[in-house]
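Tertiary structure, described
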Amino acid sequence: MSVEAPPSTLLIDGRPPSGLPLRHVWSECLGAGRANEALRADWQDQFREAVQVLGARHVRFHGVFHDDMFVYRASNGGGFGPPTPLATPVHTFAYVDKVFDAILDAGARPFVELGFMPRELARDTETLFWWKAHGSPPTDMAAWVELVTATVRHWIGRYGLDEVRRWPFEVWNEPNLVPHFWTGTRSEYFALYEATARALKAIDPELRVGGPSSSVFVPDARYDGEYHDKSVEAATAEADDPDALGWKPVWISELIAFCAERDLPLDFVSTHLYPTDFAFDTQGVGRPISRNRDATRDDLLQLRELLAASPFPAAEVHVTEWSTSPSSRDHMHDTLFAATYITRAFLQCQDLADSISYWTFTDIFEEGGGGIGPFHGGFGFVNEQGLHKPTFHAMAMLNRLGDRILAQTEHGILTATPDGGVAGVFFNYPDSMGDRSVGSATSYAATRELREEGPARRITHTVSGLRPGAEYRVELLDWTHGNVAEEWHRRGEPLNLSRRDVTELAAVADALDRRTLAVADDGVLTIDLELPAWAVTSISPVPTTR
């Protein structure tokens, strides 16, 4: 049942507010690399900050069943000698308990990705990543079901059924990416989904399950069959205008049909949306593709239409990975440009998904091993030393927004705060960019070409009906404020930071341009801001002390 917004006396530029709800899709879930990384003290410190400052409510990661979490045990380990097989496999949860305790103690919840396969259950081993994940179907489906069942029953016993009912359960990760994330067929993934979904609902019908966690939309038939078919990608790779192609979701229509035919639950659909693609031309050479700046919204609109016409119109939509690109060595992630891009996209898509999980909140991320240098293009809002990138500040600004829209434009949003005030975020995604996204870069120096885009943008609004004298904090993130990777570049891009370097760079990272505005005696707040190219700014009530 919908809840009507309370009557408002505010006027925005002389007009009544829209009163529409604002869904904080950006903070509903954040991504992280793998479960074992969450055992680190610095990971946990950064995650607590993500909860407290960025508003993170869930976190999703790979590898809860990977060997380094020691859940599935068919032998005693051995040590110096060979392992001794156990008469019957057992499940141990000491490592998992530490991770899930830390998440809950921080004030958030897990978004549970069920994977990857333990070595002793995997048909194929060491298929991807530095940490050698096993992206494989199980050798024994009954043993997989027993593993899932034992794990979830353990969580219910430890945290309570009411708590675990609030955790989404996602079956696997990117199974369309054969032979890395999944070495089986599409039908074998659907069999895994069926067995897992039935096992979860047998434990408790209110547990939420979904998939297929597929990777990106594509404009060709490469994933239409049982296996990835690279031979059909040439037209995509060689297209003069990739945006003119018909991009479509992967395995979602097929999973919907499978679940409907077999009377299976599908509480949510999940997919990964990156505004990029990688396709093979007629010579077998892979070509990177960058889509337009609105690609995420275009994809979500299509997905919503698909679900509305499906047997599961009420299924939630969770984008369980999203960023400017899927590479953890893309230097664009360290930049101001990425901050502006994600701010624009999140606000543009807030009404189309139940969560859009930024991949990832931290550079403590080891799919390719540890990053080389403090700013190596890692996904994180913070780097390995805990330095705040511009994307961190953009997310903090979004978190300060209220949950009711007063007014929204192409360049920002004003919202109502619970105390009767307003909070806003505005940005300047430069007009000279046209419909281009920020793309990718193999070095920080290469990203700096975008600093020449423009022009500046003036943001003006009046808000009437506020408390006279109330103060509002304005924070500005731009090229000279909060741009820590640029300062690192200015210092010669040192590979290894001293303790003094970290202290000084931390001060630069957090040195936003801050000022205050006051509501006039007539109850009018006048907003008149000049935003340089790529700037992001927020307006929020100054907290009152009592």
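Residues numbered from 1 in each chain as written. Predicted model: local features only at pLDDT ≥ 70, side-chain atom pairs only at ≥ 80, totals over all residues. Heavy atoms only, no water.

As for the pattern of salt bridges
- Applying the stated criterion to the full structure yields 52 salt bridges.
- Across the salt bridge formed by Arg448 and Glu486, the nearest N and O atoms sit 2.9 Å from each other. With a gap of 38 residues between them, Arg448 in the loop between helix H12 (444–447) and strand E18 (457–464) and Glu486 in helix H13 (residues 484–490) connect regions that are remote in the sequence.
- Judged by its relative accessible area of 17%, Arg448 falls in the buried class. (Salt bridge = Lys/Arg side-chain N within 4 Å of Asp/Glu carboxyl O. Helix = DSSP H or I, 4+ residues; strand = E, 2+ residues; numbered from the N terminus. Buried < 20%, exposed > 50% of the residue type's maximum accessible area, 1.4 Å probe, protein only.)

So, the packing of aromatic side chains
- As enumerated under the stated definition, the model contains 38 aromatic pairs in all.
- Pairing Phe111 with Phe268 gives two aromatic rings, centres 5.7 Å apart and planes at 70 degrees, and the pair type is edge-to-face. With a gap of 157 residues between them, Phe111 in the loop between strand E6 (109–110) and strand E7 (112–114) and Phe268 in strand E10 (residues 268–273) connect regions that are remote in the sequence.
- Residues Tyr358 and Phe381 carry aromatic rings whose centres are separated by 4.6 Å and whose planes lie at 25 degrees to one another, so their mutual orientation is stacked. With a gap of 23 residues between them, Tyr358 in strand E14 (residues 355–358) and Phe381 in the loop between E14 and helix H11 (390–399) connect regions that are remote in the sequence. A single burial state applies to Tyr358 and to Phe381, both of which are buried.
- In textbook terms, an aromatic cluster arises when at least three aromatic residues are bridged by ring pairs, as seen for Phe65, Phe116, Phe129, Trp131, Trp144, Trp172, Phe181, Trp182, Tyr189, Phe190, Trp251 and Phe258.
- The ring of Trp247 carries Arg291 above its face, with NZ or CZ at 4.1 Å from the centroid.
- Stacked on the ring of Tyr429, the Lys or Arg Arg344 has its end atom at 5.7 Å from the ring centre. (Phe/Tyr/Trp six-rings, centres within 6.5 Å; stacked < 30°, edge-to-face > 60°. Lys NZ or Arg CZ within 6 Å of the ring centre and 35° of its normal.)

Some details on a negative patch on the surface
- A contiguous patch of negative charge, built from Asp240, Asp241, Asp243, Asp298 and Asp435, is present on the exposed surface.
- Turning to its location among the elements, Asp240 is positioned in the loop between helix H7 (234–237) and helix H8 (252–261).
- Judged by its relative accessible area of 82%, Asp240 is exposed. (Patch = residues over 30% accessible without salt bridge, like charges linked within 9 Å, V, L, I, M, F, W, Y side chains within 5 Å. Areas by Shrake-Rupley, 256 points an atom, 1.4 Å probe, with all protein chains shown as cover. Lys, Arg positive; Asp, Glu negative; His and termini not counted. Charge placed at Lys NZ, Arg CZ, Asp CG, Glu CD.)

Some thoughts on empty space enclosed by the protein
- Overall, the coordinates contain one cavity of 30 Å³ or more when judged by the stated rule.
- Estimates place the volume of the largest cavity at around 30 Å³.
- For the largest cavity, the full set of lining residues is Gln46, Glu49, Ala50, Leu54, Phe361, Phe381, Val382 and Phe392.
- Looking at the lining of the largest cavity element by element, the count peaks at four residues for helix H2 (residues 41–54).
- Tallied by class, the residues present in the lining of the largest cavity amount to six nonpolar, one polar and one charged. (1 Å grid on protein atoms, 1.4 Å probe; cavity = no way out; pocket = protein on both sides within 12 Å on 5 of 7 lines; lining within 4 Å. Points joined across faces, edges and corners; volume = space filled by probe spheres on them. Nonpolar A, V, L, I, M, F, W, Y, C, P; charged D, E, K, R; others polar.)

Some points on helix H6 (residues 186–203)
- Taking 1.5 Å of rise per residue, the 18 residues of H6 would be expected to cover 26 Å, and the 26 Å separating its terminal C-alpha atoms lies within 8% of that figure.
- Of all 18 residues in H6, 13 are buried; the element is thus mostly enclosed.
- Its side-chain oxygen 3.4 Å from the backbone nitrogen of Ser187, Thr185 forms the N-cap of H6. (Expected span 1.5 Å × (residues − 1). Polar contact = N/O pair within 3.5 Å; in protein donor to acceptor, adjacent residues only side chain to side chain.)

Overview of the domain arrangement of the protein
- Structurally, the protein comprises domain 1 (11–16 + 414–541) and domain 2 (100–314).
- Just the C-alpha atoms count here: the centres of domain 1 and domain 2 sit 35 Å apart.
- Counting residues at the interface gives six residues for domain 1 and four residues for domain 2.
- With both sides pooled, the region where domain 1 packs onto domain 2 buries about 410 Å², and carbon together with sulfur makes up 48% of that total.
- The largest contributions to the domain 1 side of the interface with domain 2 come from Tyr429, Asp435 and Ser437, which together make up 74% of the buried area.
- Put simply, domain 1 and domain 2 have zero salt bridges between them.
- Taken together, the connections running from domain 1 to domain 2 amount to four residue pairs in polar contact (both at pLDDT 80 or more).
- Among the residues making up the side of domain 1 that touches domain 2, the classes are represented as one nonpolar, three polar and two charged. (Domains from an automatic or database assignment. Contact = heavy atoms within 4.5 Å. Buried area = accessible area lost by both parts, 1.4 Å probe.)

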